[in-house]
Amino acid sequence: MRYLIVSDLHANWEALQAVIEDAAGRYDQALCCGDLVGYGADPNAVVEWVRQNCAAVVRGNHDKACSGQEDLEWFNPVARAAAGWTMRSLTPENARYTHNLPKGPLVVGNFEVLHGAPFDEDEYVLGAEDAGQSFEYLERRLAFFGHTHVQGGFIWNHSRVETIPRTALRASRQSMEVDGDCAYLINPGSVGQPRDGDPRAAYVLYDSDAGMVTYFRVPYDIGQAQKKIRGVGLPPILADRLSLGR
Ligand code: ZN
């Protein structure tokens, strides 16, 4: 089975469209690690694509916030403004779908899908130490997670935790063979708001028969996504940061 794994789409339809086109014909099933909405100007288009195309989806913290399940006091003012706007913009059907997304981790075949850490969906797995703790909670040797918006992840190699080097700047793909003796926490990166210094949309393809994970970066129409964010009156910094990838 060939899987397309996307995460942190954040209502960026231009970025998601570019990913869909780039990955077309190269996967059998799509999966999502959460944060469908929040920050971007196209929550309905993005939620509808996920509803129709993803076989398994876990909720992210922004999905909770934008469907009234999170105390917005904990959000910074920009994220709070975006959550309020998203809540008012989602159709009742898409709001219900977002509200009912399951909490991760979800077990899919021989791997897991989650948003933050396996022990806490809102916790960031940023460094090898966080990852070491997370590996103890995994029920499978392979897991896909998001939340940090940083493409890459971690390998548990005989009790040593290694950081997977980020896709080289300007490279558009990077493959890695999955070793059955190791465990993996794979971050496909963010589709809609990358924060690893590369503004291109990020995703992963996983071929379970070949045991191969491939990271991808794809350029998209950032200008159009920015225009829409400014046009609907979301905080301008949400548009600005897209060109920086930070
Ligand atoms: Zn996110």
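Keep in mind it's a predicted model, so treat the numbers as computed, not measured.

A. Broad picture of the coordination of the zinc ion. Asp8 (OD), His10 (NE2), Asp35 (OD) and His149 (NE2) make up the full set of protein donors to the zinc ion, lying at 2.1 to 2.2 Å. For the zinc ion, the four donor atoms are set out with angles of 85 to 177 degrees between them, so the coordination reads as irregular. As a motif over one chain, the donors of the zinc ion read D-x1-H-x24-D-x113-H. Here His10 is found in the loop between strand 1 (2–6) and helix 1 (13–23), whereas its partner His149 is found in the loop between strand 6 (142–144) and strand 7 (152–157), with 139 residues between them in sequence. Residue His10 shares its accessibility class with His149, and that shared class is buried.

B. Structural detail: the packing of helix 2 (residues 43–53) against helix 5 (residues 92–99). Where helix 2 contacts helix 5, the axes come no closer than 10 Å and their chain directions differ by 60 degrees. Relative to helix 5, helix 2 is oriented oblique. As for how helix 2 packs across helix 5, the hand of that crossing is left-handed. When helix 2 is examined against helix 5, the residues Asn44, Val47, Glu48, Val50 and Arg51 are found in contact with a partner set consisting of Glu93, Asn94, Tyr97 and Thr98.

C. Quick look at the sheet that holds strand 2 (residues 29–32). The mixed open sheet is built from six strands, whose spatial order is 3-2-1-11-12-9. At either end of the open sheet lies a strand with only one pairing partner, and these are strand 3 (54–57) and strand 9 (173–177). Direction aside, neighbouring strands of the sheet carry axes that sit 20 degrees apart on average. Across five bridges, the pairing between strand 9 and strand 12 (residues 212–218) is antiparallel. Its bridge partner lying in strand 12, Met176 is registered against Val213.

D. Looking closely at the packing of helix 1 against helix 2. Relative orientation of the contacting elements helix 1 and helix 2 amounts to 30 degrees, with a least axis distance of 9 Å. As the angle between them shows, helix 1 and helix 2 are arranged roughly parallel. Listed contacts from helix 2 to Trp13, Leu16 and Ile20 of helix 1 are Ala45, Val46 and Trp49. Partitioned by chemical class, the residues of the contact of helix 1 with helix 2 number six nonpolar, no polar and no charged.

E. Focus on unusual backbone geometry. The step from Gly104 to Pro105 runs through a cis peptide bond, and the omega angle for that step is -5 degrees. Inspection of the secondary structure assignment puts Pro105 in the loop between helix 5 and strand 4 (106–108). Positive phi outside glycine occurs at Ser159, with the angle close to 70 degrees. Looking at the element boundaries, Ser159 is found in the loop between strand 7 and strand 8 (160–163). Since its relative accessible area comes to 61%, Ser159 is described here as exposed.

F. Broad picture of the nonpolar core. Among the nonpolar cores identified, the biggest contains 45 residues, and Leu4, Val6, Trp49 and Tyr203 are the most heavily contacted of them. In terms of residue count, helix 1 provides more of this core than any other element does, six residues in total. Within the second largest apolar cluster, 21 residues are counted, among which are Ala56, Val108, Ile155 and Tyr215.

About the thresholds
Residues numbered from 1 in each chain as written. Predicted model: local features only at pLDDT ≥ 70, side-chain atom pairs only at ≥ 80, totals over all residues. Heavy atoms only, no water. Donors = N, O, S within 2.8 Å, 3.2 Å for Na, K, Ca; no water. Tetrahedral: all angles 85-135°; square planar, octahedral: opposite > 155°, others 65-115°. Helix = DSSP H or I, 4+ residues; strand = E, 2+ residues; numbered from the N terminus. Buried < 20%, exposed > 50% of the residue type's maximum accessible area, 1.4 Å probe, protein only. Axes fitted to C-alpha atoms, helices over the stretch in contact; angles between N-to-C directions. Parallel < 35°, antiparallel > 145°, perpendicular 65-115°, else oblique. Left-handed = near helix turned anticlockwise from the far one by under 90°. Contact = heavy atoms within 4.5 Å. Pairing = 2+ DSSP bridges. Nonpolar A, V, L, I, M, F, W, Y, C, P; charged D, E, K, R; others polar. Core = buried A, V, L, I, M, F, W, Y, C linked by side-chain atoms within 4.5 Å.

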